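Survey of secondary and tertiary structure
Each chain, letter by letter, is given below.
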There are 2 protein chains.
Amino acid sequence: MFNSDFDLEGHFEERESIFTVLSPEELKELEKARQVIRCRRNEIIYKEGDTPTGMVYLHEGKVKIYKEGVGGREQIIRMVKSRGLVGFRSLLAGENHISSAVALEESIVHCIPEDFLFNTLLKNNNFSLRLLQNLAQELGFSNKRTISLTQKHIRGRLAESLLLLRDKYGFENDNATLKVYLSREDIANLSNMTTSNAIRTLSTFSNEKVIAIDGRKIRLLDVEALEKISMLG
Amino acid sequence: MFNSDFDLEGHFEERESIFTVLSPEELKELEKARQVIRCRRNEIIYKEGDTPTGMVYLHEGKVKIYKEGVGGREQIIRMVKSRGLVGFRSLLAGENHISSAVALEESIVHCIPEDFLFNTLLKNNNFSLRLLQNLAQELGFSNKRTISLTQKHIRGRLAESLLLLRDKYGFENDNATLKVYLSREDIANLSNMTTSNAIRTLSTFSNEKVIAIDGRKIRLLDVEALEKISMLG
DNA sequence: TAACTTTGATGCTATATAACATAAACAGAG
DNA sequence: CTCTGTTTATGTTATATAGCATCAAAGTTA
C-alpha cells in the first residue's frame, strides 16, 4: 500500500442524512425539538471557543469548517454539503467548539438540542452505530489529510483540494465545472498555502490545460492528470 | 480564543480503560472472546492496508501509530499508552487500516473480535456513548494536530511534541524525565521534520537549558519555556 | 457615475527547512 | 575483542514557499 491518497470514490459520501435510521416516532420528536435557522452567505454558525448548544445539521447549503492557527491564519478542516453534520464532535466529546463554521452560501441549518441527541443515542442503537461510523470515517479523513497537508508540495496539495471539492460537491451539468464557488483565499486555506500561491498554482494548472478557470468557476479538464499530481505530492 | 494550542492537562487522558462501563457478565464474555498477545519491541501489530481482524486494546506497553506519506516518509499520528485503544477506527468505519501500529517496547495487547464489539455496542448504550466520546476527542486531537504540524515552525512543533509525550506518558520519579524513550527518528516523525532537524533542535533546546538530554533520556527543565515555544509556533 | 474596497494576478526577495555529506558514538553479532 | 551497521551529531548547500509589493479587475457603496 504505497498509495496514501484518498479513496476518491465517495469516501465520506452520505447521500442520506444520518436521521434515516430514526423511527417514525423519533422523527416526529426530532421535528418538534429542532430549530430551523436560515443562514446568509458568510454568516457565522458558531465560533471557535463557543459552547455548543446542540447538534447542527445542514439541511441545505454549503458550509466550511475552519480553525485559526498561528497568527490567525485559518485552515479549513472540513467542507460540508446538504444533509451533512456541521457541529457534533464537540458535543460528543464534551468540549467547546475547537473550530468555526461559516455558511458559504444561503443555507438552512437545523439545531438539534443536546437532550434529544443523547436521549436518542441511548434509545436507538442503530443511531449510535451510525454516528460512530460517521465519526470514525471523519477521523480517517482527518488523519489522511494531516499527511497530505504536511508532506505534499503545493501542486499536490492544490490538486488534492480540487479533487476533494469534486468528491464533495460534484460537477455542474457540463460534468466538468466544480459545483462550488470559492474565493482564492478559501482555496488557499483549504490547501494550506498562501493566497498568492493558490492563485499562482491555479494559473499554472490552467496553462497546463489541467483545469480551466473563469473567475471562481473551475472546470476540471484532465482529472487523471490532477490525480497524478495529487499522488506524487 | 487565540490560543489554538492543546489543552495540555490530560486532554485525552484515560486512566481507566473503556471497558469499565461493561457489566460483570459482559466482562466475562470479553475475557472469553479476547485473544491476549505479547509483542516485542519494534514488533508490528498491524500494517496500513490490512483488514482489521478485531479491536486492539493495549493492556500494557507503549505503541506508536503512523502513516506512510510521500516517498515512504512516516508520520506518527498517535501515541498509545497502557489501557488505551490501538485499532478501533477502521473497524467502526468499515474500512481497512489506514495506519500501522508498532510496539515501542515489550507490550501486551488484547485482540477483541468484531462480533463481540458490535454485539456489545448494540446491547450496552453506555459503551457506545463512551466510544463515541473517545472517537470525538480523538478527532479533536487530530484536527488540532493538523494545524500545529502545518503551521508551527520546527521549534514549535518539537516543543509541542515533547509536551505531548509528557501528557501521554508522564515523568519518571525525578518529575522531569520523560517516561518514554524514543529514537531521534521517531521524535522527528512525530513532529513532522527530518531526523537531522530533530537532533539539531533538541541540541538547541539543550543549549538553551530548556531540556537536558542524555542519550534517549530527555529531561524537561523549563516546561513554561517549552509551552511558550510551542504556543508562538 | 464616481469613489472605494475587495479580489485576483504576477514578480521579486527572504528564509525556513529539506537534502546531502561526513564523522563520531554506540550497539549488536560473530 | 573486532567488525559492521545503526544512531547521533554537525556543517554546508539547495530549494520550496512565505512574505511583500505592485497593479489590474471586479464588486460595492455613496
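Residues numbered from 1 in each chain as written. Chains lettered and ligands numbered in written order. Predicted model: local features only at pLDDT ≥ 70, side-chain atom pairs only at ≥ 80, totals over all residues. Heavy atoms only, no water.

1. A short note on the protein's contact with DNA strand D
Around DNA strand D, the structure places 14 residues, and the nearest of them are I154 and N197 of chain A together with R184, R200 and R216 of chain B. Taking all atoms of DNA strand D within 4 Å of the protein, the share assigned to sugar and phosphate is 67%. S196 of chain A places a polar side-chain atom, nitrogen or oxygen, 3.5 Å from a base nitrogen of DNA strand D. Between DNA strand D and R184 of chain B, the relevant distance is 2.9 Å, taken from a phosphate oxygen to a main-chain nitrogen or oxygen of the residue. For the surface near DNA strand D, the secondary structure elements donating two or more residues are α5 (154–169) and α7 (195–207) of chain A together with α7 (195–207) of chain B. (Near = heavy atom within 4 Å. Polar contact = N/O pair within 3.5 Å; in protein donor to acceptor, adjacent residues only side chain to side chain. Helix = DSSP H or I, 4+ residues; strand = E, 2+ residues; numbered from the N terminus.)

2. Looking at the interface of chain A and chain B
Counting from both sides, the interface comprises 48 residues of chain A and, opposite them, 47 residues of chain B. Buried surface at the junction of chain A and chain B, summed over both partners, amounts to about 4,400 Å²; 68% is from carbon and sulfur atoms. Taken together, chain A and chain B are joined by zero salt bridges. Put simply, chain A and chain B have 16 residue pairs in polar contact (both at pLDDT 80 or more) between them. Taken together, the elements giving at least two residues each to the side of chain A that touches chain B come down to β4 (63–68), β5 (74–80), α2 (89–93), α3 (114–123) and α4 (125–151) of chain A. Broken down by element, the residue count for the side of chain A that touches chain B peaks at 21 residues, all from α4 of chain A. Considered class by class, the residues forming the side of chain A that touches chain B number 19 nonpolar, 18 polar and 11 charged. (Contact = heavy atoms within 4.5 Å. Buried area = accessible area lost by both parts, 1.4 Å probe. Salt bridge = Lys/Arg side-chain N within 4 Å of Asp/Glu carboxyl O. Nonpolar A, V, L, I, M, F, W, Y, C, P; charged D, E, K, R; others polar.)

3. Some remarks on the packing of α4 of chain A against α5 of chain A
Residue and element names in this part refer to chain A. Interhelical geometry of α4 versus α5 gives an angle of 150° and a closest axis separation of 10 Å. It follows that α4 is roughly antiparallel to α5 by the angle criterion. Between α4 and α5 lies a crossing of left-handed hand. Of α5, the residues touching α4 (which contributes F141, R145, S148 and L149) are R157, E160, S161 and L164. In terms of residue class, the contact of α4 with α5 is made up of three nonpolar, two polar and three charged. (Axes fitted to C-alpha atoms, helices over the stretch in contact; angles between N-to-C directions. Parallel < 35°, antiparallel > 145°, perpendicular 65-115°, else oblique. Left-handed = near helix turned anticlockwise from the far one by under 90°.)

4. Some details on the domain arrangement of chain A
Interfaces are frequently sized by the accessible area removed from exposure as the parts join. Residues and elements named next belong to chain A. The domains assigned to chain A are domain 1 (18–147) and domain 2 (152–232). For domain 1 and domain 2, the distance between their C-alpha centroids amounts to 26 Å. Taken together, the contact between domain 1 and domain 2 spans 15 residues of the former and 17 residues of the latter. Overall, the association of domain 1 and domain 2 removes approximately 1,300 Å² of surface from exposure, summing both partners, and the carbon and sulfur fraction of that is 48%. Area buried by domain 1 at its contact with domain 2 is led by K62, M79 and R145, which between them contribute 42% of it. At the junction of domain 1 and domain 2, the tally comes to two salt bridges. The salt bridge involving R145 is made with E160; its shortest N-O contact spans 2.8 Å. Counting every contact that joins domain 1 to domain 2 gives 10 residue pairs in polar contact (both at pLDDT 80 or more). The leading source of residues in the side of domain 1 that touches domain 2 is β5, at five residues. Partitioned by chemical class, the residues of the side of domain 1 that touches domain 2 number seven nonpolar, one polar and seven charged. (Domains from an automatic or database assignment.)

5. Examining unusual backbone geometry
Residue and element names in this part refer to chain A. Despite not being glycine, K209 has its phi angle at roughly 60°, a positive value. Mapping K209 onto the fold places it in the loop between α7 and β9 (211–214). Owing to a relative accessible area of 61%, K209 belongs among the exposed residues under this scheme. (Buried < 20%, exposed > 50% of the residue type's maximum accessible area, 1.4 Å probe, protein only.)

6. Topic: the sheet that holds strand β2 (residues 44–46) of chain A
Residue and element names in this part refer to chain A. The strand order β2-β7-β4-β5 describes an open sheet built from four strands, whose pairing is antiparallel. Two strands bound the open sheet, and with one partner strand each, they are β2 and β5. Put simply, the sheet's adjacent strands are angled 30° from each other on average, direction ignored. By the bridge criterion, two bridges tie β2 to strand β7 (residues 100–103) in an arrangement that is antiparallel. Opposite Y46, over in β7, you have A101 as the bridge partner. On the sheet, α5 packs against β4 and β5 and is oriented at approximately 30° with respect to β5. (Pairing = 2+ DSSP bridges.)

7. Points about the nonpolar core
Core analysis: the biggest nonpolar cluster contains 43 residues, and L92 and L131 of chain A together with L92 and L131 of chain B have the highest contact counts within it. Secondary-structure elements contributing two or more residues to this core are β3 (54–60), α2, α3 and α4 of chain A together with β3 (54–60), α2 (89–93), α3 (114–123) and α4 (125–151) of chain B. Sorting elements by how many residues they give to this core places α4 of chain A first, with seven residues. (Core = buried A, V, L, I, M, F, W, Y, C linked by side-chain atoms within 4.5 Å.)

8. Some thoughts on the relation of the copies chain A and chain B
Aligned on chain B, chain A shows an RMSD of 0.0 Å; the corresponding rotation is 180° and the shift along the axis is 0.0 Å. Viewed as a symmetry operation, the transformation between the two copies matches a two-fold axis. An overlap of 98% is found between the interface residues of chain A and their copies at the interface of chain B, pointing to a shared contact surface. (Least-squares fit on C-alpha atoms with pLDDT ≥ 70 in both.)

9. With respect to the pairing of strand β8 (residues 107–113) of chain A
Residue and element names in this part refer to chain A. With five of seven residues buried, β8 lies mostly within the body of the structure. Strand direction decides the pairing type here: strand β1 (residues 35–39) and β8, joined by five bridges, are antiparallel. Bridge assignment links I37 to a residue of β8, and that residue is V109. For β3 and β8, the ladder comprises six bridges, and the chain directions are antiparallel. Paired with V56 across the strands is C111, a residue of β8.

10. Considerations on the pairing of strand β9 (residues 211–214) of chain B
Residue and element names in this part refer to chain B. Across four bridges, β9 lies against strand β10 (residues 217–220) in antiparallel orientation. By the bridge assignment for β10, I213 is matched with I218. The antiparallel pairing of β9 with β10 creates a hairpin that spans two residues between the two strands, and G215 there sits at a positive phi of about 65°.

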